[in-house]
Amino acid sequence: MFNDRTDAGIQLAAKLSYLENENVVVLAIPRGGLPVADPVAKVLKAPLDIVLTKKIGHPFHKEYAIGAVSLENEVLSDTAQISSAYITEEIKTIRDKLRARYEQYYKDAEPVNLKNKTVIIIDDGIATGNTILVTVALIMKQQPKAIIVAIPVAPPSAIRNLERHPNIDDVVCLETPINFRAVGQYYETFEQVSDEEAIAILEAHRNLTH
């Protein structure tokens, strides 16, 4: 159990301290991943950036991911009983949101270059791992040196899937409960992170590196 996302990030940072002398970039999945990634980037003295991906929720259970989307690609699973019209419409809606978020989060800034860097992908927790998979596919296009996934909590099945992925070099997860139901149940405080809070964290790090 974590007090909040910052507490989870501090604990993750301790596990990732072996990377202190590596050429690291910390990538958070907004919005919930940013308060977790914040202490990690500080401890590793690494640039913090975001990666724009978002899950496609099941039509009858939005928290359950049946896939994930970035501006460039998508990963789908568990979609056998779901209409292609729903999936097509969701992908379009999500991409529109991601484009708007790109404008909002980058304004005058540019994404950090990931070529030959050790990239740490951070979220506040994962249920299926689909969002991470689409994130990895996106990052691979930039030819990183290595990809590490670091999350506070996830079910064992999701961790096994990530560990088997040929492009993921390491998976660091603090808790892997067997009776996993939702990420929020492992946090004392799990309020939604606003865009304003997330952008403030990101801009504070940008100011540190300039």
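What comes next is a walk through the structure. Each residue is numbered by its place in its chain's sequence as written, counting from 1. Given that the model is predicted, a residue must reach a pLDDT of at least 70 before its local features are reported, and side-chain atom pairs must reach 80 or more before they are shown or counted; all residues, however, enter totals for whole chains, interfaces and linings. Just so you know, side-chain values use all the structure's heavy atoms and leave hydrogens and water out.

**Some words on unusual backbone geometry**
Phi is mostly negative for residues that are not glycine, and the peptide bonds are mostly trans.
Phase 1: With an omega of 5°, the peptide bond between Pro 30 and Arg 31 qualifies as cis.
Phase 2: The residue Arg 31 is located in the loop between strand E1 (24–28) and helix H2 (33–44) in this model.
Phase 3: The backbone of Lys 45 sits at a positive phi, close to 50°, despite the residue not being glycine.
Phase 4: With respect to the helices and strands, the residue Lys 45 is situated in the loop between H2 and strand E2 (48–50). Going along the chain from the N terminus, every DSSP run of H or I of four or more residues is numbered as a helix, and every run of E of two or more is numbered as a strand.

**Considering the sheet that holds strand E7 (residues 146–153)**
Phase 1: In short, DSSP must find at least two bridges between two strands for them to pair. An order of E2-E1-E6-E7-E8 is seen for the 5 strands of this open sheet, with the pairing classed as parallel. Whereas interior strands pair on both sides, the edge strands pair on one side only; in this sheet they are E2 and strand E8 (170–175). Neighbour-to-neighbour, the strand axes of the sheet open up by a mean angle of 25°, direction not taken into account.
Phase 2: Direction of pairing for E1 relative to strand E6 (residues 118–122): parallel, over a ladder of 5 bridges. Bridge pairing in E6 places Val 25 opposite Val 119.
Phase 3: Set on the sheet, helix H5 (residues 156–164) makes contact with E7 and E8; between it and E8 the angle comes to about 165°. Between the N-to-C directions of two axes lies an angle of 0 to 180 degrees, each axis being a line fitted to C-alpha atoms and, for a helix, fitted only over the stretch in contact. Here a residue-residue contact requires only that any non-hydrogen atoms of the pair lie within 4.5 Å.

**Looking at the packing of helix H3 (residues 84–106) against helix H6 (residues 195–208)**
Phase 1: Packing of H3 against H6 leaves a shortest axis separation of 10 Å and a crossing angle of 45°. As summarised for this structure, H3 and H6 are arranged oblique, according to the angle between their axes. Counted together, Arg 101, Gln 104, Tyr 105 and Tyr 106 of H3 and Asp 195, Ala 198, Ile 199, Leu 202 and Arg 206 of H6 form the full contact between these two elements.
Phase 2: For the contact of H3 with H6, the class distribution of residues is 5 nonpolar, 1 polar and 3 charged. Angle categories: roughly parallel below 35 degrees, roughly antiparallel above 145, roughly perpendicular from 65 to 115, and oblique for all the rest. Any residue that is not Ala, Val, Leu, Ile, Met, Phe, Trp, Tyr, Cys, Pro, Asp, Glu, Lys or Arg is counted as polar, Gly included; the first ten are nonpolar and the last four charged.

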